[in-house]
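Inside the fold
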Amino acid sequence: MLGNFGKLFKLRVLLGFGKSQHRTFAQAGAQGTSAVKATRARHGEDYHTHFDPKAYLARYSPGHDFYGMKMFFIQQLHEIFRDNQVRGDRLLDIGTGPAIANLISASRHFSEIVASDYAESNRTELWAWTRAEAGAYDWSHYFKIVAELERNRENWEVIQQQIRQKIKAVVPCDVNQENPLAPSVFQPFDAVLCSSVVDVATSCLAAYNLALRNISSILKSGGYLVLTGHLNFESNYVVGDEEFSIVPVTKPNIEMALDGAKLRLVDWREIPMHSSDVPRHHIEGLYVLLAKK
């Protein structure tokens, strides 16, 4: 899809990649634009005590260094669900975090949605938005973008209300466990959405492979996995004042993990990243894939 250089360059411009290269040293901050290398990155149970949902949500704001990345995922998820007829009764979003942006395109293709996250603070943020509580994050900008992609911009509020009604549960999850939704028990899902989760939730490639097998175990035979993430993310990733570890993966690593989880790759979309795209992080590319069990 993105093999044509002209289309790829146009997409990079539309997403805002490359703009950060014009920032001065003062704008980039005292740490400059080099990749983050921490002596001790946060991991595992640190998410319960050191992950700040509000700081994470700030990267969804237009103008943030990560905003272009979010737009790539939003656009490609819209096309993945549209082009491949991914639909069914029940969708699991595993590792939702405090953010529902990647669920928007998927929501109209399913009757019920289960959201999940490892950190209680993220689950609290999700419930706050689902219940339209005061102070919950305002996702209207993203609903308008998806509604525009669906040529239905005037009804973005209807889409927002529908997804609130479709989210039936927000439960704990841990992709490192044989049952990633323990202690909850669910029947296998028609589809699973997993957005930039497996590489940050695991500690090495072997654990990454096992996590995909665990996720596959709660997917129906014939069901679909939609996976998004980063290619060769070789620095830690920064949320607020904290740095978290991440397992760098390549496309061959991912293909091997899918094969081990009895998942067949159906659709793959990627875009390269440049060192100037996201200061303080080293990322070679972004991807969105569709696999079938």
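Quick note: structure is the one above.
The notes below deal with the structure included here. (Residues numbered from 1 in each chain as written. Predicted model: local features only at pLDDT ≥ 70, side-chain atom pairs only at ≥ 80, totals over all residues. Heavy atoms only, no water.)

1. Looking at the packing of helix α5 (residues 67-83) against helix α8 (residues 140-149)
- It is the contact of α5 with α8, at a shortest axis distance of 10 Å, that shows an interaxial angle of 40°. Our classification of the angle between α5 and α8 gives oblique. The hand of the α5/α8 crossing is right-handed. Residue-level inspection shows Tyr67, Lys70, Met71, Ile74, Gln75 and His78 of α5 in contact with α8, the latter providing His141, Tyr142, Ile145, Val146 and Leu149.
- Considered class by class, the residues forming the contact of α5 with α8 number seven nonpolar, three polar and one charged. (Axes fitted to C-alpha atoms, helices over the stretch in contact; angles between N-to-C directions. Helix = DSSP H or I, 4+ residues; strand = E, 2+ residues; numbered from the N terminus. Parallel < 35°, antiparallel > 145°, perpendicular 65-115°, else oblique. Left-handed = near helix turned anticlockwise from the far one by under 90°. Contact = heavy atoms within 4.5 Å. Nonpolar A, V, L, I, M, F, W, Y, C, P; charged D, E, K, R; others polar.)

2. Some thoughts on the packing of α8 against helix α9 (residues 156-166)
- Packing of α8 against α9 brings their axes to within 9 Å, and their N-to-C directions diverge by 110°. The angle between α8 and α9 places the two elements in the roughly perpendicular class. Pair α8 / α9 crosses with right-handed handedness. Contacts between α8 and α9 involve Ser140, Phe143, Lys144 and Ala147 from the first element and Trp156, Ile159, Gln160 and Ile163 from the second.
- Class assignment of the residues belonging to the contact of α8 with α9 gives a composition of five nonpolar, two polar and one charged.

3. Comments concerning the pairing of strand β9 (residues 285-292)
- The element β9 is extensively covered by neighbouring structure, given that seven of its eight residues are classed as buried.
- Both strand β5 (residues 219-231) and β9 contribute to a ladder of eight bridges, which runs antiparallel. Counterpart to tyrosine 224 in the pairing with β9 is lysine 292. (Buried < 20%, exposed > 50% of the residue type's maximum accessible area, 1.4 Å probe, protein only. Pairing = 2+ DSSP bridges.)

4. A short note on α5
- Over its 17 residues, α5 extends 24 Å from the first C-alpha to the last, a length consistent with the 24 Å expected when each residue adds 1.5 Å.
- Here α5 lies mainly inside the structure; 14 of its 17 residues are buried.
- After α5 finishes, the residue glutamine 85 shows a positive phi value of roughly 55°. (Expected span 1.5 Å × (residues − 1).)

5. What about the pattern of salt bridges?
- Counted under the stated rule, the structure contains seven salt bridges.
- For glutamate 79, the salt bridge goes to arginine 269, with nearest N and O atoms at 3.0 Å. Note that glutamate 79 is positioned in helix α5 and arginine 269 in strand β8 (residues 264-272), a separation of 190 residues in sequence. In this structure, glutamate 79 and arginine 269 share a single accessibility class: buried.
- Residues lysine 220 and aspartate 190 are paired through a salt bridge, measuring 2.9 Å at the closest nitrogen-oxygen approach. Taken as a pair, lysine 220 in strand β5 and aspartate 190 in strand β4 (residues 189-195) lie far apart in primary sequence, 30 residues in all.
- Given a relative accessible area of 35%, lysine 220 falls into the partly exposed group.
- We classify aspartate 190 as buried; its relative accessible area is 15%.
- Each of Glu79, Arg82, Asp83, Asp267 and Arg269 takes part in one network of salt bridges that share partners. (Salt bridge = Lys/Arg side-chain N within 4 Å of Asp/Glu carboxyl O.)

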